Amino acid sequence: SCLATVSGQEKTLTADEAKLMYEVRLAEAMESLTELQDRLDEALGRLGEELQSQGDLDSLLLIKQERETFRDRAQPEEVSPLAKLNSLRAIYWKEKGNLDHTIARASESALKEYQSHLNAIIQELTKAGELEEAVKVQALLAKAQESTATTQADQSDTFETVLSGPGGEFDTVNNCLVTV
């Protein structure tokens, strides 16, 4: 059965409650990525302030563009003329790659749990003779199973990115960029 503990008592979840639990688990998984993005944005802001105090308009414009676009794009292939920007990018993309794998695993786990809850709800509704409701929940399950297929296809397309730049390959130690 599909049970949850609420105020010390077990109760059967509804499809809406199961979906909410799934969405909460996804949001929790994405929280680390949001924090990483916020830290990069802050670092870019500090670098921008430094460049502004030096009067370096071209570099400042590069930082402004980076802040506006880094959240919504793939890893840039071009090397920036700004070494500090390349360093920040290298750290961010390495950490993002690690988080992407963690998020994918957490998302897959949450989706499987959601599907399990839906299966249990379908079974309970069917036993109770509530066929129309069971069919509605079965449609939700079909959508969730489509998500599973899409997620597995996306994961098979991922690959590990080697961080490199003009100074060679990079790694991070205590959130500082070091040459390998």
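For the structure, see preceding data.
These numbers were taken from a predicted model, which means no experiment stands behind them.

Calculation notes
- Residues numbered from 1 in each chain as written.
- Predicted model: local features only at pLDDT ≥ 70, side-chain atom pairs only at ≥ 80, totals over all residues.
- Heavy atoms only, no water.
- Salt bridge = Lys/Arg side-chain N within 4 Å of Asp/Glu carboxyl O.
- Buried < 20%, exposed > 50% of the residue type's maximum accessible area, 1.4 Å probe, protein only.
- Helix = DSSP H or I, 4+ residues; strand = E, 2+ residues; numbered from the N terminus.
- Expected span 1.5 Å × (residues − 1).
- Arc of directions from axis to C-beta.
- Contact = heavy atoms within 4.5 Å.
- Phe/Tyr/Trp six-rings, centres within 6.5 Å; stacked < 30°, edge-to-face > 60°.

Participant: Help me understand the pattern of salt bridges in this model?
Facilitator: Side chains that differ in charge, positive against negative, can pair when their charged atoms come close. In the structure shown here, the tally under the stated rule is 12 salt bridges. Of the charged contacts, one joins glutamate 66 and arginine 73 as a salt bridge, the two residues approaching to 2.6 Å between their closest N and O atoms. When its relative accessible area of 4% is taken as the criterion, glutamate 66 is described as buried. Lysine 96 is paired through a salt bridge with aspartate 100; the nearest N and O atoms lie 3.0 Å apart. Taken together, the positions of lysine 96 and aspartate 100, both in helix α3 (residues 83-127) and four residues apart, correspond to about one turn of that helix. What makes aspartate 100 partly exposed here is its relative accessible area of 33%. Via salt bridges that share partners, Glu66, Arg73, Glu78 and Arg89 belong to a single interconnected network.

Participant: Any chance you could explain helix α2 (residues 57-69) here in plain terms?
Facilitator: Because the α-helix completes a turn every 3.6 residues, residues three or four places apart line up on one side. A rise of 1.5 Å per residue sets the reference length of α2, with its 13 residues, at 18 Å; its end C-alpha atoms lie 18 Å apart and thus fit the reference within 8%. Among all positions in α2, only Ser59, Ile63 and Glu66 are buried. On an axial view of α2, the arc spanned by its buried residues comes to 60°, and they lie on one face. Those residues of α2 that are exposed and aimed more than 90 degrees away from the buried face are Leu57, Asp58 and Glu68. Tucked into the core, α2 has its buried residues touching α1 (15-54) and α3.

Participant: Looking at this structure, how should I read the packing of aromatic side chains?
Facilitator: Any two aromatic rings considered together are summarised by their centre-to-centre distance and by the angle between their planes. Within this structure, the stated rule accounts for three aromatic pairs. Between the aromatic rings of tyrosine 22 and tyrosine 114, the centroid separation amounts to 5.1 Å while the plane-to-plane angle is 15°, which identifies the pairing as stacked. Taken together, the residues span a long stretch of sequence, with tyrosine 22 in helix α1 and tyrosine 114 in helix α3 at a distance of 92 residues. A relative accessible area of 6% places tyrosine 114 in the buried class. Geometrically, the ring pair formed by tyrosine 92 and tryptophan 93 is edge-to-face, given 5.0 Å between the ring centres and 85° between the ring planes. Of the two residues, tyrosine 92 and tryptophan 93, both sit in the buried class. By way of ring pairs, the aromatic residues Phe70, Tyr92 and Trp93 are connected into one cluster.

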